[in-house]
Amino acid sequence: GEDVEQSLFLSVREGDSSVINCTYTDSSSTYLYWYKQEPGAGLQLLTYIFSNMDMKQDQRLTVLLNKKDKHLSLRIADTQTGDSAIYFCAERLYSSASKIIFGSGTRLSIRP
Amino acid sequence: DSGVTQTPKHLITATGQRVTLRCSPRSGDLSVYWYQQSLDQGLQFLIQYYNGEERAKGNILERFSAQQFPDLHSELNLSSLELGDSALYFCASGKDLNTEAFFGQGTRLTVV
């Protein structure tokens, strides 16, 4: 089936690392994405990983993919107040290469 | 700025009416996706076009239709509007079928 699941909320202290988790059900996923949505704004593509990779690092962002467990995570190092947003995990399905399915989003809030 | 332009930004209309939402993809992008974001349903994939042809269909109501024109811009037509159609409608574009998708700022539709 096509299902992407994320926890709804995450609260971290400023300066700590944030880890946002996602699970997906379709083993034929080709690409997995992380998008960020700030209040009143559109979705900004943060990073993506191809399904044959285990890890991708881009400055403060680290994406880990466990294909066996169908688990994807996004780690944000040194979390700042500007990182407050909703983070969406999404998968592109091989069976329908056009379709990108989104999770419900994780709202990240930063404590001082 | 993602390079994807959506108009109008806001739209308020009455039940039973019909509206057209417009999307101009990034220069060179052949793929256009439409998504609906509502509070209770999250981000739902509606439909996708590639180079003028419908490529994938999601949870799109029969009252809704879309097309992609030869200049690659796309329109989403929503008819017989109901209160429950109030949502943010996002357009995204991508170079081809297997790359990342970049989102516009969305059109906020309010049906009263």
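Quick look at the structure, then.

Conventions we followed
Residues numbered from 1 in each chain as written. Chains lettered and ligands numbered in written order. Predicted model: local features only at pLDDT ≥ 70, side-chain atom pairs only at ≥ 80, totals over all residues. Heavy atoms only, no water. Contact = heavy atoms within 4.5 Å. Buried area = accessible area lost by both parts, 1.4 Å probe. Salt bridge = Lys/Arg side-chain N within 4 Å of Asp/Glu carboxyl O. Polar contact = N/O pair within 3.5 Å; in protein donor to acceptor, adjacent residues only side chain to side chain. Pairing = 2+ DSSP bridges. Helix = DSSP H or I, 4+ residues; strand = E, 2+ residues; numbered from the N terminus. Axes fitted to C-alpha atoms, helices over the stretch in contact; angles between N-to-C directions. Phe/Tyr/Trp six-rings, centres within 6.5 Å; stacked < 30°, edge-to-face > 60°. Buried < 20%, exposed > 50% of the residue type's maximum accessible area, 1.4 Å probe, protein only.

### Re the interface of chain B and chain A
Consideration 1: Contacts between chain B and chain A engage 19 residues on the former and 17 residues on the latter.
Consideration 2: Summing the contributions of chain B and of chain A, the shared interface buries around 1,600 Å²; its carbon and sulfur component is 55%.
Consideration 3: Looking at the side of chain B facing chain A, the largest losses of area belong to Leu-43, Asn-98 and Glu-100 of chain B, adding up to 30% of the total buried there.
Consideration 4: Applying the counting criterion to the chain B and chain A interface returns zero salt bridges.
Consideration 5: Counting across the interface, chain B meets chain A through four residue pairs in polar contact (both at pLDDT 80 or more).

### Overview of the sheet that holds strand β1 (residues 4–6) of chain A
All names here are of chain A.
Consideration 1: An order of β1-β3-β8-β7-β6 is seen for the five strands of this open sheet, with the pairing classed as antiparallel. Edge positions in the sheet fall to β1 and β6 (55–58), since each of these pairs with one other strand and no more. Recorded for the sheet is a direction-independent mean angle of 15° between the axes of neighbouring strands.
Consideration 2: Judged from the six bridges that link them, strand β3 (residues 18–24) and strand β8 (residues 71–76) form a sheet pairing that is antiparallel. Within β8, the position partnered with Cys-22 by the bridge is Leu-72.

### Considering the pairing of strand β5 (residues 43–50) of chain A
Residue and element names in this part refer to chain A.
Consideration 1: Bridge analysis of strand β4 (residues 29–37) against β5 gives seven bridges, and the strand direction is antiparallel. Counterpart to Tyr-31 in the pairing with β5 is Phe-50.
Consideration 2: The turn joining β4 and β5, which pair antiparallel and follow one another in sequence, is formed by five residues; a positive phi near 75° is taken by Gly-40.

### A word on the packing of aromatic side chains
All names here are of chain A.
Consideration 1: In the structure shown here, the tally under the stated rule is 14 aromatic pairs over all chains.
Consideration 2: With a centroid separation of 4.9 Å and an interplanar angle of 50°, the aromatic rings of Tyr-31 and Phe-50 are classed as tilted. Taken as a pair, Tyr-31 in strand β4 and Phe-50 in strand β5 lie far apart in primary sequence, 19 residues in all.
Consideration 3: Residue Phe-50 is classed as partly exposed on the basis of its relative accessible area, which comes to 33%.
Consideration 4: Ring centres 5.3 Å apart and planes at 50° place the aromatic pair Tyr-35 and Phe-102 in the tilted group. Pair noted here: Tyr-35 is in strand β4 and Phe-102 is in strand β10 (residues 100–102), with a separation of 67 residues, a long-range link.

### Observations regarding unusual backbone geometry
Residue and element names in this part refer to chain B.
Consideration 1: Thr-7 connects to Pro-8 through a cis peptide bond whose omega is -10°.
Consideration 2: Its location among the elements puts Pro-8 in the loop between β1 (5–7) and β2 (10–13).
Consideration 3: The phi torsion at Asn-51 lies on the positive side, around 50°, for a residue other than glycine.
Consideration 4: Mapping Asn-51 onto the fold places it in the loop between β5 (42–50) and β6 (53–57).

### Considering the pairing of strand β4 (residues 31–38) of chain B
Residues and elements named next belong to chain B.
Consideration 1: Within β4, eight of the eight residues are buried, which leaves the element mostly enclosed by the surrounding structure.
Consideration 2: Burial along β4 is two-sided: Ser-31, Tyr-33, Tyr-35 and Gln-37 facing one way and Val-32, Trp-34, Gln-36 and Ser-38 facing the other are all buried.
Consideration 3: The pairing of β4 with β5 spans eight bridges and is classified as antiparallel. Within β5, the position partnered with Trp-34 by the bridge is Ile-47.
Consideration 4: With antiparallel pairing between neighbouring strands as the criterion, β4 and β5 make up a hairpin whose turn holds three residues.
Consideration 5: With seven bridges connecting them, β4 and strand β9 (residues 87–94) associate as antiparallel partners. Across the sheet, the residue bridging to Gln-36 is Tyr-89, located in β9.

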